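Structural features, examined
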Amino acid sequence: MNLGFVPCLTDADLPSAIAGQADCILGGVRIGAPSAGPGPEWPQQFIPAPLIGTTTDSLQEIWRCATPCSSGRVADIAWRRAGPVLYGVLELAESDFPGSPACSPLQAASQEAYRRIFRLLEAQRLPHLWRVWNYLADINRETHGLERYRQFNIGRQDAFLECSRGATGNVPAACAIGLTGGPLRVAFMAGSEAAVALENPRQISAYDYPAEYGPRSPTFSRAALVRLARQEILFISGTASILGHRTMHGGNVAAQTREALTNVAAVVAEANRRDRALPYRIDELAYRVYLRHATDFATVSDVLNSMLGAAAPIACILGDICRSDLLVEIEATALHNLESQ
Ligand code: 3EB
């Protein structure tokens, strides 16, 4: 089993990346405009958020393997599997969840989404959730007396606890980004082997955030390092301008970008502490950068270029960050082939 990871593909690039072997695409994402024709046959998360700073109106990312995948659809999850690795996509409309005074529709939908994912993983005997990509409408809006991101955190944590997974320590890498509307959209990667969960020495673990950020802490680790037979994946979670548990540089997007990238570098250093043979470099990662304001693009782009060089593949996306005072969030992924390097 050999995986390939191809970020930042335009529609024109896609055919050569697929190389006529669509049954070998484990899954992926499409960011920006919807596809002109029918969607692909692999599980694809669609993120209907504008791309910034590019003339292309959509970008895709794919995870590929060398042999055809098995696939299925259960409980609204579209999934594909290649041996010990599974990629899945799920969308749940909040309107399908009536909620109650004690539990908002978003909280209920979030809990149900994770419950369904955990059930699938048990059924597939691939119990280890490595990375989750969460997108939800109006993430900073307050309803039911609580910001929607905080509602999501309650539902997510309840599902981890209900499914006996624990909500601290060895939890997946993740991101949680706000869009202007639409269902709760969750994509995930999971496998037969546990990932090594990494934390950032510059930050308090998110699962230990104090109550000022909501009644339940978010359930994610700063990064997940996945060891496969001949490969390794580094998933770096959404990373922002947070030191300890506090937002830094309110209102200063250049300083927030520098702080967030310094946090990414600190997480990369943590990965390298456990992985002596083949160090990761911040200029080799594939990035998604979320901006709250499209008008900040030039400023953010200058900082990214000066810290990463101009060659790094970066998708810049208009999206809301889960704290109102955060202007930018950065996530990154890398795949290493252990033998060929
Ligand atoms: C932070 O560090 C910024 O709730 O899954 C980053 C990555 C953030 C993941 C999540 C939230 C999440 O707290 C926000």
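Please refer to the structure higher up on the page.
Below is a summary of the structure that appears in this document. (Residues numbered from 1 in each chain as written. Predicted model: local features only at pLDDT ≥ 70, side-chain atom pairs only at ≥ 80, totals over all residues. Heavy atoms only, no water.)

1. A word on the sheet that holds strand β6 (residues 77-82)
Taken together, 6 strands build an open sheet; the order of strands is β5-β6-β7-β12-β8-β11 and the sheet is mixed. The sheet is open, and its two borders are formed by β5 (70-74) and β11 (173-179), each paired with just one other strand. Strand-to-strand twist across the sheet, computed as the mean angle between neighbouring axes with direction ignored, equals 10°. In this structure, strand β8 (residues 128-137) lies alongside β11, joined through 7 bridges in parallel fashion. Bridge pairing links V132 to A174 in β11. Along the sheet face, helix α2 (residues 105-124) touches β5, β6, β7 (85-92), β8 and β12 (184-191) and points at about 155° away from the line of β7. Packed on one face of the sheet, helix α3 (residues 148-162) meets β8, β11 and β12 and runs near 150° to β8. (Pairing = 2+ DSSP bridges. Helix = DSSP H or I, 4+ residues; strand = E, 2+ residues; numbered from the N terminus. Axes fitted to C-alpha atoms, helices over the stretch in contact; angles between N-to-C directions. Contact = heavy atoms within 4.5 Å.)

2. Quick notes on the packing of α2 against α3
In the contact formed by α2 and α3, the axes pass within 7 Å of each other and the chain directions differ by 35°. α2 and α3 meet at a crossing whose hand is right-handed. On the side of α2, the interface is formed by L106, Q107, S110, Q111, Y114, R115 and F118, while α3 contributes R148, Q151, F152, I154, G155, R156, D158, A159, F160 and E162. Per-class residue counts for the contact of α2 with α3 are 7 nonpolar, 5 polar and 5 charged. (Left-handed = near helix turned anticlockwise from the far one by under 90°. Nonpolar A, V, L, I, M, F, W, Y, C, P; charged D, E, K, R; others polar.)

3. Considerations on the site of the ligand
Around the ligand there are 13 residues in total, and Y149, R156, Y209, R222 and C322 lie nearest to it. Measuring from an oxygen atom of the ligand, one finds a side-chain N or O atom of R156 at 2.7 Å. A distance of 2.7 Å is found between an oxygen atom of the ligand and a side-chain nitrogen or oxygen belonging to Y209. In isolation the ligand offers 360 Å² of accessible surface; the protein chains occlude 100% of this area. Counting residues per element, the shell around the ligand draws most heavily on β11, which supplies 3 residues. Residues that form the shell around the ligand fall into these classes: 9 nonpolar, 1 polar and 3 charged. (Near = heavy atom within 4 Å. Polar contact = N/O pair within 3.5 Å; in protein donor to acceptor, adjacent residues only side chain to side chain. Areas by Shrake-Rupley, 256 points an atom, 1.4 Å probe, with all protein chains shown as cover.)

4. A few points about the packing of helix α4 (residues 253-273) against helix α5 (residues 297-308)
Where α4 meets α5, the axes come as close as 9 Å, and the angle between the chain directions of the two elements is 35°. Two packed elements cross with a definite hand, and for α4 against α5 that hand is right-handed. Facing V253, A254, T257, R258, L261 and T262 of α4, the residues of α5 in contact are T299, V300, V303, L304, M307 and L308. Residues of the contact of α4 with α5, tallied by class, amount to 8 nonpolar, 3 polar and 1 charged.

5. Thoughts on the nonpolar core
Counting residues in each nonpolar core, the largest one holds 78 residues, and the members touching the most others are L3, M189, I233 and F235. Of the residues forming this core, the biggest block, 9 residues, is contributed by α2. Among residues more than four places away in sequence, those in contact with L3 are L26, W63, R64, C65, V85, M189, L228, Q231, I233 and L335. Among the nonpolar cores identified, the runner-up in size contains 28 residues, and I236, A271, Y280 and I330 belong to it. (Core = buried A, V, L, I, M, F, W, Y, C linked by side-chain atoms within 4.5 Å. Buried < 20%, exposed > 50% of the residue type's maximum accessible area, 1.4 Å probe, protein only.)

6. Some words on the layout of surface pockets
Each pocket or cavity is described by its volume, and for the largest pocket that value is around 330 Å³. Lining the largest pocket are 25 residues, with Y149, Y209, I242, C322 and R323 positioned closest to its centre. Among the elements that line the lining of the largest pocket, the one with the most residues is α3, at 4 residues. Grouping the amino acids of the lining of the largest pocket by side-chain chemistry returns 12 nonpolar, 6 polar and 7 charged. (1 Å grid on protein atoms, 1.4 Å probe; cavity = no way out; pocket = protein on both sides within 12 Å on 5 of 7 lines; lining within 4 Å. Points joined across faces, edges and corners; volume = space filled by probe spheres on them.)

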